Amino acid sequence: MSKEFEIAREFEVDATPAEVWEAITNGTGGYLWPMQPPEPRVGGTAAFGSTVTAYDPPHHLVVRSEDVGFPTQSANQLEHVIEERDEGRRAWVRYVHSGIFTDDWDNQYDGASRHTDFYLHTLREYLTHFAPRPVSFAQLNGPEASRAPDAFVAVGRALGLPDDLSAGAKASVHGPGGRVLEAVVDYRDPYFVGLRTEDALIRFFGRNHWGAPVGISVHDFAPDADAEANETAWQDWLDGVFSRS
């Protein structure tokens, strides 16, 4: 049965309103995934066939779609309200994701809500540490075995993260090809892990909790970053986690 939903969050970040606006319109590859920028006018087009319904840079942006293209969702709206703080040196952001889920409402809402927290945290990490550096983006999914209930626990252990290591700690992480990556574990809960290295944000998604494979995204800001090489390396790593007996 169709049912409306709304997920609202507010946060402050060490970035100007203009920097936040640039990130959410033209810099989405730095924290989410690369998307078509919204056409700069009300009524303009935006990513995934959505329409711009509010456009007031750098303060207010709303995009909405009535035909999402997924059987579990029939409407989707994203709103950003941005205000300056500390005489423009910082920004306050209100983010609202709303729409209509048409099936498995509780599971869809739980997944969307938890993903929202992780994505907005990654936005703050991007703005604080990397913007406006160009980004090379890669994403991948694990094999069928990564849908298992304990799959994300296996990912954490393969990275070499102690079970009691919390967000904010530094770690020597076991990456692809036996490489050791020095990173800050900038986010960690039972559903997601975020790693920040000198040149990248590497994000791990425990989507097995919602019946999907584990996923990884790599936002690489190094001058010589290679998205294809990152995808291949991390895909081999993730496949290897679930090929072990």
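Each chain carries its own residue numbering, running from 1 in the direction its sequence is written. Residue-level local features of this predicted model are given only where pLDDT is at least 70; pairs of side-chain atoms are given and counted only at 80 or more, and the full residue set underlies all totals for whole chains, interfaces and linings. Think of the side-chain values as coming from all heavy atoms in the structure, minus any hydrogens and water.

Taking an unreviewed UniProt entry as the reference, the chain is identified by name as SRPBCC domain-containing protein belonging to Streptomyces sp. 900105755.

Asker: Even after reading the chapter, I still don't get the nonpolar core, so can you show me in this structure?
Answerer: A general tendency of soluble globular proteins is for nonpolar side chains to be buried together. One finds Val20, Ile24, Leu123, Tyr126 and Leu127 to be the most contacted residues of the largest nonpolar core, which totals 31 residues. The helix count covers DSSP runs of H or I at least four residues long, the strand count covers runs of E at least two residues long, and both are numbered beginning at the N terminus. Those elements that place two or more of their residues in this core are strand E1 (3-13), helix H1 (17-25), strand E3 (60-65), strand E5 (90-101), helix H2 (105-129) and strand E10 (200-205). By residue number, the principal contributor to this core is H2, which donates six residues. The contact criterion used throughout is that any non-hydrogen atoms of two residues lie within 4.5 Å. The residues contacting isoleucine 24, other than those within four sequence positions of it, are Tyr31, Leu61, His80, Ile82 and Leu123. Here, the term nonpolar core denotes a set of buried Ala, Val, Leu, Ile, Met, Phe, Trp, Tyr and Cys residues that are joined through side-chain atoms within 4.5 Å. A simple rule labels every residue: compare its accessible area, found with a 1.4 Å probe on the protein chains alone, to the largest value its type can have, and call it buried under 20%, exposed over 50%, or partly exposed in between. Grouped together as the second largest cluster of nonpolar side chains are 27 residues, Ala158, Leu161, Ala183 and Val218 included.

Asker: Would you mind showing me how to read the pattern of salt bridges here?
Answerer: Close approach of charged atoms allows side chains with opposite charge to pair. Salt-bridge detection follows one rule: a side-chain nitrogen of Lys or Arg within 4 Å of a carboxyl oxygen of Asp or Glu. Applying the stated criterion to the full structure yields 16 salt bridges. One salt bridge in this structure joins glutamate 12 and arginine 85, with 3.8 Å as the shortest N-O distance. Here glutamate 12 is found in strand E1, whereas its partner arginine 85 is found in strand E4 (residues 73-85), with 73 residues between them in sequence. On the accessibility criterion, glutamate 12 (37% relative accessible area) is partly exposed. Residue classification places arginine 85 among the partly exposed residues on the basis of a relative accessible area of 26%. Across the pair glutamate 144 and arginine 147 runs a salt bridge, and its minimum N-O distance is 3.0 Å. Under the relative-accessibility criterion, glutamate 144 is labelled exposed at 57%. Given the relative accessible area of 34%, arginine 147 is considered partly exposed. One continuous salt-bridge network, built from bridges that share partners, spans Glu12, Asp14, Glu83, Arg85, Asp86 and Arg90.

Asker: Just checking my understanding: could you explain the pairing of E3 for this structure?
Answerer: Two strands pair if DSSP finds at least two bridges between them. When strand E2 (residues 51-56) meets E3, the two strands line up antiparallel, connected through five bridges. Paired with tyrosine 55 across the strands is leucine 61, a residue of E3. Hairpin connection between E2 and E3: a loop of three residues separates the two successive antiparallel strands. Sheet analysis places E3 next to E4, joined by six bridges and oriented antiparallel. Its bridge partner being in E4, leucine 61 is matched across the sheet by histidine 80.

Asker: What am I meant to see in the layout of surface pockets here?
Answerer: To find the voids left in a structure, one rolls a probe of water-molecule size over its atoms. Its volume calculated, the largest pocket comes out at about 1700 Å³. Along the walls of the largest pocket sit 50 residues, with Trp33, Phe70, Gln73, His97 and Tyr119 positioned nearest its centre. If you list the elements that add at least two residues to the lining of the largest pocket, you get H1, E3, E4, E5, H2, strand E6 (136-141), E10 and strand E11 (215-220). Examining the composition of the lining of the largest pocket, we find that nine residues originate from one element, H2, more than from any other. Polar here means any residue outside two lists: the nonpolar Ala, Val, Leu, Ile, Met, Phe, Trp, Tyr, Cys and Pro, and the charged Asp, Glu, Lys and Arg; Gly therefore counts as polar. Classifying every residue of the lining of the largest pocket by side-chain character gives 26 nonpolar, 21 polar and three charged. The distinction between a cavity and a pocket rests on a 1 Å grid over the protein atoms alone: a 1.4 Å probe fits inside a cavity but cannot get out, while a pocket stays open yet meets protein on both sides within 12 Å along at least five of seven lines, and a residue with an atom within 4 Å of a point counts as lining. Grid points are joined across faces, edges and corners, and a volume is the space filled by probe spheres set on the points. Roughly 310 Å³ of internal volume is contained in the second largest pocket. Around the second largest pocket, the lining is made up of 17 residues, and of these Arg179, Leu181, Ala200, Asp220 and Asn230 lie nearest the centre. Contributing elements (two or more residues each) for the lining of the second largest pocket: E10, E11 and helix H4 (227-241).

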